[in-house]
Amino acid sequence: MRRLIGFACEGESLAATLDEAPGTTGLLIVSGGNEIRSGAHRGMAMLAQRLAATGTPVFRYDRRGVGDLTGNNGGYLTTEPDLIAAAAMFRAQAPHITRMIGFGNCDAASTLALFGRSAGIDRVVLANPWVIEPTDDLPPAAAIRARYAERLRDPRSWYRMIRGRSICANW
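Residues numbered from 1 in each chain as written. Predicted model: local features only at pLDDT ≥ 70, side-chain atom pairs only at ≥ 80, totals over all residues. Heavy atoms only, no water.

A tally of helices and strands in the chain yields five helices and six strands. Within the span of the chain, comprising 171 residues, buried residues form 40% of the whole. Restricting the contact set of the chain to residue pairs at least 6 apart, pairs at least 24 apart contribute 61%. (Helix = DSSP H or I, 4+ residues; strand = E, 2+ residues; numbered from the N terminus. Buried < 20%, exposed > 50% of the residue type's maximum accessible area, 1.4 Å probe, protein only. Contact = heavy atoms within 4.5 Å.)

Listed below in C-alpha coordinates is the structure:
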(Lines give C-alpha, C1' and ligand atoms only; values in the text may rest on other atoms or scores of the structure.)
Protein backbone atom coordinates (compact mmCIF):
# COMPACT_ATOMS: atom_id res chain seq x y z
CA MET A 1 0.00 0.00 0.00
CA ARG A 2 1.29 3.47 -0.90
CA ARG A 3 0.88 6.34 1.56
CA LEU A 4 1.43 10.05 0.97
CA ILE A 5 3.46 11.69 3.73
CA GLY A 6 4.14 15.37 4.39
CA PHE A 7 6.97 16.54 6.62
CA ALA A 8 9.04 19.65 7.33
CA CYS A 9 12.59 20.64 6.53
CA GLU A 10 13.97 23.94 7.78
CA GLY A 11 10.50 25.50 7.89
CA GLU A 12 9.47 24.30 4.42
CA SER A 13 7.11 21.51 3.37
CA LEU A 14 8.36 18.29 1.80
CA ALA A 15 6.29 15.47 0.31
CA ALA A 16 7.00 11.78 0.12
CA THR A 17 5.39 8.47 -0.60
CA LEU A 18 5.95 5.27 1.33
CA ASP A 19 5.30 1.96 -0.37
CA GLU A 20 4.86 -0.19 2.71
CA ALA A 21 6.34 -3.66 3.06
CA PRO A 22 7.51 -5.85 5.94
CA GLY A 23 11.21 -6.08 5.00
CA THR A 24 13.93 -4.79 7.31
CA THR A 25 15.99 -3.25 4.49
CA GLY A 26 14.38 -0.12 3.08
CA LEU A 27 15.10 1.79 -0.10
CA LEU A 28 15.15 5.60 -0.01
CA ILE A 29 14.77 7.00 -3.53
CA VAL A 30 16.10 10.53 -3.82
CA SER A 31 14.52 12.64 -6.55
CA GLY A 32 16.89 14.70 -8.62
CA GLY A 33 16.73 18.14 -10.13
CA ASN A 34 13.17 19.11 -10.91
CA GLU A 35 12.16 15.48 -11.26
CA ILE A 36 9.22 14.77 -8.99
CA ARG A 37 8.57 11.59 -7.02
CA SER A 38 6.90 9.88 -9.94
CA GLY A 39 10.20 10.01 -11.82
CA ALA A 40 10.68 9.89 -15.55
CA HIS A 41 7.72 8.06 -17.09
CA ARG A 42 6.63 6.99 -13.61
CA GLY A 43 9.64 4.66 -13.55
CA MET A 44 10.47 5.32 -9.91
CA ALA A 45 6.86 4.82 -8.82
CA MET A 46 6.72 1.53 -10.68
CA LEU A 47 10.05 0.45 -9.16
CA ALA A 48 8.78 1.28 -5.68
CA GLN A 49 5.58 -0.68 -6.24
CA ARG A 50 7.45 -3.74 -7.51
CA LEU A 51 9.99 -3.70 -4.68
CA ALA A 52 7.26 -3.31 -2.07
CA ALA A 53 5.45 -6.29 -3.60
CA THR A 54 8.57 -8.37 -2.93
CA GLY A 55 8.87 -7.14 0.68
CA THR A 56 11.10 -4.04 0.46
CA PRO A 57 9.66 -0.81 1.86
CA VAL A 58 10.38 2.19 -0.41
CA PHE A 59 10.33 5.87 0.51
CA ARG A 60 10.45 8.52 -2.25
CA TYR A 61 10.55 12.24 -1.54
CA ASP A 62 10.82 15.60 -3.25
CA ARG A 63 13.30 18.15 -1.96
CA ARG A 64 12.42 21.76 -1.20
CA GLY A 65 11.32 23.80 -4.18
CA VAL A 66 10.57 20.82 -6.45
CA GLY A 67 7.11 20.30 -7.89
CA ASP A 68 4.49 21.97 -5.72
CA LEU A 69 6.68 22.08 -2.61
CA THR A 70 7.59 25.24 -0.75
CA GLY A 71 11.06 26.72 -0.57
CA ASN A 72 13.78 27.20 -3.15
CA ASN A 73 15.44 24.45 -5.13
CA GLY A 74 19.07 25.36 -4.52
CA GLY A 75 20.50 22.36 -6.35
CA TYR A 76 22.10 19.23 -4.99
CA LEU A 77 24.82 21.02 -3.03
CA THR A 78 22.11 22.43 -0.71
CA THR A 79 20.12 19.22 -0.15
CA GLU A 80 21.79 17.74 2.92
CA PRO A 81 19.00 18.91 5.29
CA ASP A 82 16.34 17.51 2.94
CA LEU A 83 18.06 14.11 2.80
CA ILE A 84 18.50 13.99 6.58
CA ALA A 85 14.82 14.91 7.12
CA ALA A 86 13.67 12.31 4.57
CA ALA A 87 15.78 9.52 6.08
CA ALA A 88 14.51 10.38 9.58
CA MET A 89 10.89 10.38 8.38
CA PHE A 90 11.39 7.05 6.61
CA ARG A 91 12.72 5.50 9.81
CA ALA A 92 9.85 7.03 11.80
CA GLN A 93 7.22 5.74 9.37
CA ALA A 94 8.82 2.29 8.97
CA PRO A 95 10.45 1.61 12.36
CA HIS A 96 11.03 -2.04 11.47
CA ILE A 97 13.77 -1.21 8.95
CA THR A 98 17.26 -1.84 10.28
CA ARG A 99 19.18 -0.97 7.12
CA MET A 100 18.59 1.85 4.64
CA ILE A 101 19.81 1.87 1.04
CA GLY A 102 19.79 5.16 -0.86
CA PHE A 103 19.23 5.28 -4.62
CA GLY A 104 19.66 8.34 -6.81
CA ASN A 105 20.18 9.28 -10.44
CA CYS A 106 22.19 12.29 -11.70
CA ASP A 107 22.25 15.06 -9.09
CA ALA A 108 20.33 12.83 -6.65
CA ALA A 109 23.27 10.40 -6.87
CA SER A 110 25.59 13.28 -6.03
CA THR A 111 23.37 14.20 -3.08
CA LEU A 112 23.72 10.66 -1.75
CA ALA A 113 27.47 10.54 -2.36
CA LEU A 114 28.02 13.79 -0.51
CA PHE A 115 25.47 13.53 2.30
CA GLY A 116 24.33 9.90 2.61
CA ARG A 117 26.54 9.17 5.60
CA SER A 118 25.29 12.20 7.55
CA ALA A 119 21.71 11.05 6.87
CA GLY A 120 22.44 7.61 8.35
CA ILE A 121 22.14 5.77 5.05
CA ASP A 122 23.95 2.44 5.16
CA ARG A 123 24.63 1.89 1.45
CA VAL A 124 24.10 3.86 -1.74
CA VAL A 125 23.36 3.00 -5.35
CA LEU A 126 24.52 5.84 -7.58
CA ALA A 127 23.42 6.11 -11.20
CA ASN A 128 25.23 8.70 -13.33
CA PRO A 129 26.30 11.08 -10.51
CA TRP A 130 26.83 14.71 -11.44
CA VAL A 131 30.09 16.43 -10.71
CA ILE A 132 30.67 20.09 -9.99
CA GLU A 133 31.03 21.93 -13.24
CA PRO A 134 33.94 24.34 -13.73
CA THR A 135 33.07 27.99 -13.22
CA ASP A 136 35.54 29.32 -15.79
CA ASP A 137 37.01 28.40 -19.17
CA LEU A 138 40.49 27.51 -17.90
CA PRO A 139 41.82 24.00 -18.47
CA PRO A 140 42.49 21.87 -15.38
CA ALA A 141 45.48 22.97 -13.27
CA ALA A 142 47.44 19.82 -14.21
CA ALA A 143 47.06 20.66 -17.91
CA ILE A 144 48.28 24.22 -17.34
CA ARG A 145 51.34 22.97 -15.39
CA ALA A 146 52.13 20.42 -18.11
CA ARG A 147 51.89 23.06 -20.83
CA TYR A 148 54.22 25.46 -18.95
CA ALA A 149 56.72 22.64 -18.34
CA GLU A 150 56.65 21.77 -22.05
CA ARG A 151 57.20 25.39 -23.05
CA LEU A 152 60.06 25.86 -20.56
CA ARG A 153 61.88 22.83 -22.03
CA ASP A 154 61.62 24.26 -25.54
CA PRO A 155 64.71 26.37 -26.54
CA ARG A 156 62.51 28.46 -28.84
CA SER A 157 60.45 29.52 -25.81
CA TRP A 158 63.62 30.77 -24.09
CA TYR A 159 64.59 32.69 -27.22
CA ARG A 160 61.13 34.34 -27.32
CA MET A 161 61.36 35.17 -23.59
CA ILE A 162 64.81 36.80 -24.00
CA ARG A 163 63.39 38.90 -26.84
CA GLY A 164 60.53 40.00 -24.55
CA ARG A 165 57.80 37.83 -25.97
CA SER A 166 55.51 35.43 -24.13
CA ILE A 167 56.60 31.82 -23.70
CA CYS A 168 52.92 30.87 -23.80
CA ALA A 169 52.40 31.94 -27.39
CA ASN A 170 50.49 29.62 -29.69
CA TRP A 171 48.32 28.01 -27.02
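And the narrative resumes.
In this structure, Cys106 is a non-glycine residue whose phi angle is positive, near 60°. Among the secondary structure elements, Cys106 is positioned in the loop between β5 (99-105) and α3 (107-115). Backbone geometry at Asn128 places phi at a positive 55°, although glycine is not the residue there.

Per-chain confidence: the chain averages 86 in pLDDT, with 87% of residues scoring 70 or above. The secondary structure element of the chain with the lowest average pLDDT is helix α5 (residues 155-162), at 76, and the one with the highest is helix α2 (residues 80-93), at 98. (pLDDT = per-residue confidence, 0-100.)

The next thing to look at is the nonpolar core. The tendency in soluble globular proteins is for nonpolar side chains to be buried as a group. Core analysis: the largest hydrophobic core is formed by 26 residues, its most contacted members being Phe7, Leu28, Phe59, Tyr61, Leu83 and Phe90. At the level of elements, β1 (2-9), β2 (12-19), β3 (25-30), β4 (58-62), α2 and α3 are the ones that each hand at least two residues to this core. A total of six residues in this core trace back to one element, the largest contributor, which is α2. Residues within four places of Leu28 in sequence aside, it is in contact with Phe59, Tyr61, Leu83, Ala86, Ala87, Phe90, Met100, Ile101, Gly102, Phe103 and Ile121. One finds Met44, Val58, Ile101 and Phe103 within the second-largest nonpolar core, a separate group that totals seven residues. (Core = buried A, V, L, I, M, F, W, Y, C linked by side-chain atoms within 4.5 Å.)

Here we come to the side chain of Asp107. Along the polypeptide, Asp107 turns up in helix α3. At 3.1 Å, the side chain of Asp107 and the side chain of Arg63 are in polar contact. Not counting residues up to four positions away in its chain, the partners in contact with Asp107 are Gly32, Gly33, Arg63, Tyr76 and Trp130. (Polar contact = N/O pair within 3.5 Å; in protein donor to acceptor, adjacent residues only side chain to side chain.)

What follows concerns the sheet that holds strand β6 (residues 123-127). The sheet built from six strands is open, its strands ordered β1-β2-β4-β3-β5-β6 with mixed pairing. The open sheet terminates on both sides in strands that have one partner only, identified here as β1 and β6. Sheet twist, expressed as the mean angle between neighbouring strand axes with direction ignored, is 20°. Of the strands in this sheet, β1, β2, β3, β4 and β5 are in contact with helix α1 (residues 43-53), which crosses β4 at around 160°. (Pairing = 2+ DSSP bridges. Axes fitted to C-alpha atoms, helices over the stretch in contact; angles between N-to-C directions.)

Before going further, it helps to spend a moment on the pattern of salt bridges. Tallied over the full model, the rule gives seven salt bridges. Arg64 is the partner of Glu10 in a salt bridge, and the nearest nitrogen-oxygen pair spans 2.8 Å. You can see Glu10 sitting in the loop between β1 and β2 and its partner Arg64 sitting in the loop between β4 and α2, a full 54 residues away along the chain. Accessibility expressed as a relative area gives 59% for Glu10, which makes it exposed. When the shortest N-O distance is used, the salt bridge between Asp107 and Arg63 registers 3.1 Å. With Asp107 in helix α3 and Arg63 in the loop between β4 and α2, the pair connects residues that are 44 residues apart, well separated along the chain. In terms of burial, Asp107 and Arg63 fall into one category: buried. Members of the salt-bridge network, linked through shared partners, are Glu10, Arg64 and Asp82. (Salt bridge = Lys/Arg side-chain N within 4 Å of Asp/Glu carboxyl O.)

Tracing the chain through its elements places Asp122 in the loop between α3 and β6. Only 2.7 Å separates the side chain of Asp122 from the backbone nitrogen of Met100, close enough to count as a polar contact.

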